[in-house]
Structures are given as C-alpha cells and as structure tokens.
Amino acid sequence: RPLVHSLGNEGARYIEEQIGIELPSSVRWTDKNNKVRRPEFVSHTLGIADVLLGLEHESRDLDGISFYEERDVLAQAPPVPKTAPSPLSLQTEYLWHDHFTQVKRNTVPDGVCILTDERTGERFRSLLFIEFDGNSMPVVRSSWQQSSIVQKMYGYADARDRHLVKGRFGLPNFRVLFVTRDHARIDTMIQAYQERCAERIPAGAFLFCDYDDLIEQGVFASIWRNAKGEPQTILL
C-alpha cells in the first residue's frame with residue numbers, strides 16, 4: 001500500500017540548511033508526526049497539498065498568471081497575535097440559523113494562496129481559501145457547538161461583512177474553494193447555501209468541485225460550480 005513520509009527533526013534541519021526553507025522553530029517534528037495515526041488525517045492533508053500544488057504548477061504554464069503560496073501571503077500580512085489558534089484564523093461571529101443564538105467562533109481555512117492575473121495589462125490579485133472536504137463533516141447541524149460546512153459558510157460571510165480578511169491578509173475580496181469527493185455532496189452543500197446562507201454572502205464567494213475531476217482535468221479546467229450551481233472558473 002502507499003507509504004507516507006513525514007519530517008523528523010533531522011529532516012527539518014536538513015531542509016532549512018540545504019534548501020533554505022524556514023520552518024517553525026517551535027515544532028518538534030519527530031514528536032508531531034509520530035502522533036499521526038488516523039488515515040483520514042493523512043488523506044485530508046494530502047488532499048490540501050494536491051489542490052495547492054495544482055494551482056502552483058498549472059500557473060507556471062499560463063502567461064500572466066502568478067501563484068503565491070501561504071508563506072508569501074503571511075509575509076505581507078500583519079503579525080498574528082500569539083493567542084490566535086492559527087496564523088490563518090479569522091475571529092468571526094454570526095447569528096445562528098435559529099435567529100437567536102450569537103456565535104463566536106474561529107473560522108480557519110485549510111489553506112490559503114494568492115493568484116495574480118496580469119493578462120490584460122492590469123494587475124488583479126485574488127485571495128483563495130482552500131477547504132478540503134473528506135466527507136466526514138456534516139453539512140448542516142442543529143447545534144452551533146459542533147462543526148459543519150454551513151458553519152464555515154457563516155464564518156466566511158461574517159469575515160466578508162466586517163472586512164476581517166482585508167484586516168488580516170490585506171486583500172478586500174476572496175473566494176473559498178470547496179473540494180470534496182462526491183458530486184452528490186456538492187449538491188447538498190449548494191442546497192444548504194441556498195436555504196441558509198444566500199442572504200449572507202454572494203454565491204460567487206464559494207466554488208465547489210470534485211477531487212477526482214480536479215486531479216484528472218486540472219485545477220483551472222471547467223470543473224467548478226458556484227453556490228447557485230452555475231459553472232464558474234477560478235480565473236475570471
């Protein structure tokens with residue numbers, strides 16, 4: 001069966017010294033990766049990497065399109081508070097769909113990158129959040145205390161309304177790429193958006209695609225749908 005290789009402390013030191021990639025000094029890599037036991041954790045991590053690598057590699061073949069990885073995004077952003085659970089964390093709050101409960105919850109994407117488009121002679125920068133869905137998280141829950149896809153949508157809607165993304169990453173507009181492993185599940189997500197989120201955030205803020213389609217056809221192919229179910233590409 002496939003093998004997954006992960007960094008130990010010596011491997012991390014080698015990468016820093018020989019390749020020049022700076023890794024977090026606070027991480028004990030051997031201890032951290034010895035704790036990785038669940039297959040779904042590995043699958044989720046590799047799925048995120050596939051999406052980001054697809055964006056990076058395919059951007060190289062397109063004139064006028066440039067890719068900037070998470071490290072580049074954070075380098076231009078204000079320093080994150082030490083109390084933040086993640087450098088990508090957005091401290092969001094929103095009204096739950098019972099219309100009575102005010103929820104305060106960190107919205108944390110699985111990944112982030114920037115695409116720069118200079119094909120028309122002007123420079124457009126697009127911030128993309130990655131959400132890789134392993135089909136384990138319920139799309140809708142009755143309780144706000146449990147994670148769900150709709151809860152993520154609420155969080156991003158609040159981040160848009162209160163300009164949290166601009167304050168954190170310096171760019172006013174963003175889109176969220178939901179990559180899942182089931183076409184029927186995409187339909188369920190779109191239905192949940194239309195029933196619960198359509199008045200909170202425009203449909204174009206969320207794009208959905210199937211993981212197998214992404215791997216077979218490429219991340220810039222016509223494989224994406226917005227939250228209205230309409231075809232939409234990453235590059236506008």
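Check the entry above for the structure.
Fair warning: this is a prediction, and the values are worked out from it, not measured in the lab.

**Q** Would you explain the pattern of salt bridges in this entry?
**A** Between side chains of opposite charge, a pair can form when the charged atoms approach closely. Applying the stated criterion across every chain, the model contains eleven salt bridges. Arg 28 is the partner of Asp 31 in a salt bridge, and the nearest nitrogen-oxygen pair spans 2.9 Å. A relative accessible area of 36% means that Asp 31 is categorised as partly exposed. For Arg 28, a relative accessible area of 56% translates into the label exposed. Between Arg 225 and Asp 187 there is a salt bridge, and its shortest N-O distance comes to 2.8 Å. You can see Arg 225 sitting in strand 8 (residues 225-226) and its partner Asp 187 sitting in helix 7 (residues 183-196), a full 38 residues away along the chain.

**Q** Before we go on, may I ask you to explain the packing of aromatic side chains in this structure?
**A** To describe a pair of aromatic rings, one takes the distance between the centres and the angle between the planes. Per the counting criterion, the structure on display carries eleven aromatic pairs. Ring centres of Trp 96 and Tyr 154 lie 5.6 Å apart, and the angle between their planes is 90°; this geometry places the pair in the edge-to-face category. Of this pair, Trp 96 sits in the loop between strand 2 (90-95) and strand 3 (102-107) while Tyr 154 sits in helix 5 (residues 149-161), and the two are 58 residues apart along the sequence. The class for Tyr 154 is buried, based on a relative accessible area of 1%. The ring of Tyr 211 carries Arg 181 above its face, with NZ or CZ at 4.3 Å from the centroid. The ring of Tyr 154 has Arg 200 sitting right over it, with the charged end atom 3.7 Å from the ring centre.

**Q** Sorry if this is basic, but what is going on with unusual backbone geometry here?
**A** Of all residues except glycine, most have a negative phi; of all peptide bonds, most are trans. The backbone of His 99 shows a phi angle near 70°, a positive value even though the residue is not glycine. Relative to the elements of secondary structure, His 99 occurs in the loop between strand 2 and strand 3. According to the relative accessible area criterion, His 99 is exposed, its value standing at 60%. One non-glycine residue, His 163, adopts positive backbone phi at about 55°. His 163 sits in the exposed class, given a relative accessible area of 58%.

**Q** Can you walk me through the pairing of strand 1 (residues 65-68) in this structure?
**A** Working note: regular strand, side chains alternate between the two faces of the sheet. Covered by surrounding structure in strand 1 are Ile 65 and Phe 67 only, the residues Ser 66 and Tyr 68 on the alternate face being uncovered. Strand direction decides the pairing type here: strand 1 and strand 4 (residues 111-117), joined by four bridges, are antiparallel. Among the inter-strand pairings, Ile 65 is bridged to a residue of strand 4, identified as Asp 117.

**Q** For this particular structure, what's the right way to read helix 7?
**A** Given 3.6 residues to a turn, an α-helix orients residues that are three or four positions apart in the same direction. In this model, helix 7 (14 residues) spans 20 Å end to end at C-alpha, consistent with the 20 Å of a helix rising 1.5 Å per residue. Of the positions making up helix 7, those classed as buried are Arg 185, Ile 186, Met 189, Ile 190, Ala 192 and Tyr 193. The buried residues of helix 7 all sit within an arc of 160° when viewed along its axis, so they share a single face. In this structure, the buried side of helix 7 is in contact with helix 5, strand 6 (174-180), strand 7 (206-210) and strand 8. Put simply, Asp 182 is the residue that caps the front of helix 7, since its side-chain oxygen is 2.9 Å from the backbone nitrogen of Ala 184.

**Q** Can you help me understand the packing of helix 5 against helix 7 in this one?
**A** How two helices sit against one another is set out by the angle between their axes and by the gap between those axes. Between helix 5 and helix 7, the least distance of the axes is 10 Å, while the angle of their chain directions is 50°. One finds that helix 5 runs oblique with respect to helix 7. Two packed elements cross with a definite hand, and for helix 5 against helix 7 that hand is right-handed. Between helix 5 and helix 7, the contacting residues are Ile 149, Val 150, Met 153 and Tyr 154 on the first element and Arg 185, Met 189, Ala 192, Tyr 193 and Arg 196 on the second.

**Q** Would you mind showing me how to read the nonpolar core here?
**A** Core analysis: the largest hydrophobic core is formed by 37 residues, its most contacted members being Leu 127, Phe 129, Phe 206 and Phe 208. It is helix 5 that provides the largest number of residues to this core, a total of seven residues. What Phe 129 contacts, discounting residues up to four positions off in sequence, is Leu 90, Pro 109, Gly 111, Val 112, Tyr 156, Val 165, Phe 169, Phe 174, Arg 175, Val 176 and Leu 177. In terms of nonpolar packing, the next biggest core, distinct from the first, is built from 24 residues, Val 51, Leu 177, Leu 207 and Cys 209 among them.

**Q** Explanation requested: the side chain of Arg 175 in the structure shown.
**A** By the element assignment, Arg 175 lies in strand 6. Nearest to the buried, unbridged Arg 175 among oppositely charged side chains is Asp 117, at 8.2 Å. At 3.2 Å, the side chain of Arg 175 forms a polar contact with the side chain of Ser 126. Look past the residues within four positions of Arg 175 in its chain and what remains in contact with it is Ser 126, Leu 127, Leu 128, Phe 129, Gly 204, Ala 205, Leu 207, Gln 232, Thr 233, Ile 234 and Leu 236.

The rules behind each value
- Residues numbered from 1 in each chain as written.
- Predicted model: local features only at pLDDT ≥ 70, side-chain atom pairs only at ≥ 80, totals over all residues.
- Heavy atoms only, no water.
- Salt bridge = Lys/Arg side-chain N within 4 Å of Asp/Glu carboxyl O.
- Buried < 20%, exposed > 50% of the residue type's maximum accessible area, 1.4 Å probe, protein only.
- Helix = DSSP H or I, 4+ residues; strand = E, 2+ residues; numbered from the N terminus.
- Phe/Tyr/Trp six-rings, centres within 6.5 Å; stacked < 30°, edge-to-face > 60°.
- Lys NZ or Arg CZ within 6 Å of the ring centre and 35° of its normal.
- Pairing = 2+ DSSP bridges.
- Expected span 1.5 Å × (residues − 1).
- Arc of directions from axis to C-beta.
- Contact = heavy atoms within 4.5 Å.
- Polar contact = N/O pair within 3.5 Å; in protein donor to acceptor, adjacent residues only side chain to side chain.
- Axes fitted to C-alpha atoms, helices over the stretch in contact; angles between N-to-C directions.
- Parallel < 35°, antiparallel > 145°, perpendicular 65-115°, else oblique.
- Left-handed = near helix turned anticlockwise from the far one by under 90°.
- Core = buried A, V, L, I, M, F, W, Y, C linked by side-chain atoms within 4.5 Å.
- Lys, Arg positive; Asp, Glu negative; His and termini not counted.

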